[in-house]
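# Breakdown of the fold
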Amino acid sequence: MAKNQEKTLRVGLAGLGTVGAGTFKILQANADLITRRTGVRIVVTAVNARNKGKDRGIDLSSVEWVDNPIDLASHPDVDVVVEAMGGENDPALSLVRMALQNGKPVVTANKALLAHHGVDLSRISEKHNAPLMFEAAVAGGIPIIKMILEGLAANNISGLYGIMNGTCNYILTTMERTGENFSDVLEEAQKLGYAEADPTLDVGGGDSGHKLVLLGALAFGCQPDYQNLSVEGIDRLSAEDIIIAGEFGSRIKLIGQTVKLEDGRILQMVSPCLVPRTSPLAHVDGVLNGILSQGDFVGLSFVEGRGAGEGPTASAIVSDLMDLANGVNGPVFGIPADQLQSSPSASRDDWTGEFYMRLVVQDLPGVIAEIAPILRDHQISIESLIQRGRSADQPVSIVIITHQTTGKNIRLACQEIADLPSVLDDPLTLPILKI
Ligand SMILES: NC(=O)c1ccc[n+]([C@@H]2O[C@H](COP(=O)([O-])OP(=O)(O)OC[C@H]3O[C@@H](n4cnc5c(N)ncnc54)[C@H](OP(=O)(O)O)[C@@H]3O)[C@@H](O)[C@H]2O)c1
């Protein structure tokens with residue numbers, strides 16, 4: 001904070017899109033409340049975006065426009081930088097790095113940046129005693145980072161399970177409600193603005209993965225490790241999968257889970273899963289996010305809310321700014337960067353539990369007799385089996401619910417099953433959550 005303005009925190013705002021403009025609006029609309037709660041006036045003094053002439057629905061007449069976002073890192077009238085441009089590389093990376101090197105705290109909503117450069121940035125943050133905060137980067141308005149770092153801080157966390165992508169959850173909820181297929185619902189979601197023109201990062205699971213590695217770092221004190229993440233998206237799911245899951249008392253959700261295994265390794269995995277209707281995660285509908293955590297003393301905790309959009313995300317950014325105004329300053333991932341463990345990460349192979357397996361096969365006698373020995377050879381026993389879609393010359397779906405097995409057994413069995421001439425597509429396998 002500038003010495004001559006003890007009671008003012010001056011913000012340099014890079015990016016004036018959904019998140020940046022939203023941040024500007026809250027700081028204006030709730031200025032009195034924010035000052036009452038912190039004793040500090042938080043004001044935007046300088047901004048940057050790509051297009052200076054764009055109407056953003058905010059009055060920028062009292063703030064300075066800088067031509068290069070990097071200039072905010074050394075601007076004399078900026079005490080803290082808010083990075084709301086996005087992207088894992090420049091200019092966001094250089095801006096954050098340089099601001100921290102100059103001793104200026106940074107608040108960001110950029111999960112991709114932190115998932116890829118979190119360790120490096122946390123070292124710089126510590127070296128220059130400049131906090132780096134990112135409540136907005138995971139699950140938007142849900143205060144999951146403060147919950148892990150503060151509310152659950154006394155617990156050993158054994159697992160976190162989250163629905164962290166509103167686009168995927170909207171698509172899955174709509175598929176269930178309407179019986180439509182993935183591609184049709186995706187197209188509608190794009191028209192409604194719930195899905196990006198290029199939906200790959202969302203529906204492929206990468207966006208959930210970015211968020212998951214940040215939660216894993218906070219929960220387990222390990223380096224954010226996007227490389228060792230198993231990621232599967234929702235694009236291979238059919239309306240039939242959702243209906244059959246329902247018949248087994250479950251709903252299908254895209255779940256990011258990070259779990260400490262008995263041997264101490266950390267499993268990080270994003271995958272569509274069957275979630276029993278008794279789980280609070282099963283009731284997170286539409287664009288909402290929800291996260292279930294398990295701590296050794298607190299037990300299960302569940303939070304749900306809006307994971308994206310202008311208001312929720314900007315609300316999280318401003319909560320970080322208020323923490324800075326209150327003097328909060330700690331390591332980025334809760335413990336010093338050089339103590340973050342690079343623990344060997346477990347993969348989907350290590351996930352243990354029951355699986356849903358859908359095979360698309362030719363409707364010929366003897367197909368099941370070919371599949372059964374492969375399952376047996378990989379220690380997979382069948383809990384139930386159903387067959388759907390019988391009409392002349394049409395492929396049929398066989399759905400198998402397995403007893404408990406490992407992801408590795410499932411993978412190896414599926415490789416062999418996929419090679420059978422009567423099997424027409426790669427098998428789809430979904431873990432069945434029991435939480
Ligand atoms: N939207 C959400 O609900 C949400 C939720 C959680 C986290 N986030 C994260 O928040 C960040 C921002 O997202 P957003 O939705 O606000 O994005 P957005 O609406 O596309 O806004 C991005 C802003 O950054 C500016 N910008 C982009 N590239 C730039 C560059 N190279 N140089 C200067 N300015 C640049 C753009 O300028 P112009 O306006 O002039 O084009 C725009 O103002 C991302 O990291 C995103 O992952 C977003």
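The rules we used
- Residues numbered from 1 in each chain as written.
- Predicted model: local features only at pLDDT ≥ 70, side-chain atom pairs only at ≥ 80, totals over all residues.
- Heavy atoms only, no water.
- Pairing = 2+ DSSP bridges.
- Helix = DSSP H or I, 4+ residues; strand = E, 2+ residues; numbered from the N terminus.
- Near = heavy atom within 4 Å.
- Polar contact = N/O pair within 3.5 Å; in protein donor to acceptor, adjacent residues only side chain to side chain.
- Areas by Shrake-Rupley, 256 points an atom, 1.4 Å probe, with all protein chains shown as cover.
- Buried < 20%, exposed > 50% of the residue type's maximum accessible area, 1.4 Å probe, protein only.
- Core = buried A, V, L, I, M, F, W, Y, C linked by side-chain atoms within 4.5 Å.
- Contact = heavy atoms within 4.5 Å.
- Domains from an automatic or database assignment.
- Buried area = accessible area lost by both parts, 1.4 Å probe.
- Salt bridge = Lys/Arg side-chain N within 4 Å of Asp/Glu carboxyl O.
- Nonpolar A, V, L, I, M, F, W, Y, C, P; charged D, E, K, R; others polar.
- Phe/Tyr/Trp six-rings, centres within 6.5 Å; stacked < 30°, edge-to-face > 60°.

### Things to note about the sheet that holds strand S1 (residues 8-14)
Pairing in this open sheet of 6 strands is parallel, and the strands run S3-S2-S1-S4-S5-S6 from one edge to the other. Pairing within the sheet leaves two strands with one partner each, and these edge strands are strand S3 (64-65) and strand S6 (132-133). Sheet analysis places S1 next to strand S2 (residues 41-48), joined by 7 bridges and oriented parallel. Residue pairing across strands places Val11 opposite Val44, the latter belonging to S2.

### Re the site of the ligand
What surrounds the ligand is a group of 22 residues, the closest being Leu16, Val19, Asn51, Arg56 and Gly309. Here an oxygen atom of the ligand sits 2.8 Å away from a polar atom, N or O, in the main chain of Leu16. At a separation of 2.7 Å, an oxygen atom of the ligand approaches a polar backbone atom of Asn51. Against a free-state accessible area of 890 Å², the protein chains account for coverage of 77% of the ligand.

### Quick word on the pairing of strand S9 (residues 250-260)
For S9, the buried fraction is high: 10 of the 11 residues fall into the buried class. Bridge analysis of strand S7 (residues 157-163) against S9 gives 4 bridges, and the strand direction is antiparallel. Pairing of Tyr161 across the sheet is with Gln257, part of S9. Pairing analysis gives 11 bridges linking S9 to strand S10 (residues 266-276), with the strands arranged antiparallel. If you follow Gly256 over to S10, its bridge partner there is Val270. Counting the residues in the hairpin turn of S9 and S10 gives 5 residues, including Gly264, whose phi is positive at 90°.

### Examining the nonpolar core
Ranked by size, the top nonpolar core spans 76 residues in total, and within it Ile144 and Ile171 carry the most contacts. Setting aside anything within four residues of it in sequence, one finds Ile171 in contact with Phe182, Val185, Leu186, Ala189, Val203 and Ile234. In this structure, Tyr161, Val275, Val396 and Val423 belong to the second largest nonpolar core, which totals 35 residues.

### Description of the domain arrangement of the chain
According to the domain assignment, the chain contains domain 1 (3-137), domain 2 (144-306) and domain 3 (351-432). Each side of the interface is counted separately: domain 1 has 11 residues, and domain 2 has 13 residues. Taking both partners together, domain 1 and domain 2 bury about 1,000 Å²; carbon and sulfur atoms supply 67% of that area. Taken as a group, Ala115, Phe134 and Glu135 account for 48% of the area that domain 1 buries against domain 2, more than any other trio of residues on that side. Lys111 is the salt-bridge partner of Asp207, the closest N and O atoms lying 3.6 Å from each other. Taken together, the residues of the side of domain 1 that touches domain 2 break down into 6 nonpolar, 2 polar and 3 charged.

### Looking at the pattern of salt bridges
The full count for this structure, using the stated rule, is 22 salt bridges. Across the pair Arg358 and Asp241 runs a salt bridge whose closest N-O atoms are separated by 2.5 Å. Taken together, the residues span a long stretch of sequence, with Arg358 in strand S14 (residues 352-361) and Asp241 in helix H10 (residues 239-247) at a distance of 117 residues. Just as Arg358 is buried, Asp241 falls in that class too. Salt-bridge contacts for Lys434 lead to Glu354; the nearest nitrogen and oxygen are separated by 3.3 Å. Here the residue Lys434 occupies a position in the segment after strand S18 (428-432), and Glu354 occupies one in strand S14, the gap between them amounting to 80 residues. Take Glu354: its relative accessible area is 22%, and that puts it in the partly exposed class. Residues joined by salt bridges that share partners form a network here, namely Glu135, Lys146, Asp320 and Asp323.

### A word on the packing of aromatic side chains
Applying the stated criterion across every chain yields a total of 3 aromatic pairs. With centroids separated by 5.3 Å and ring planes inclined at 80°, the aromatic side chains of Trp351 and Phe355 adopt a geometry described as edge-to-face. By relative accessible area, which is 0% here, Phe355 ends up buried.

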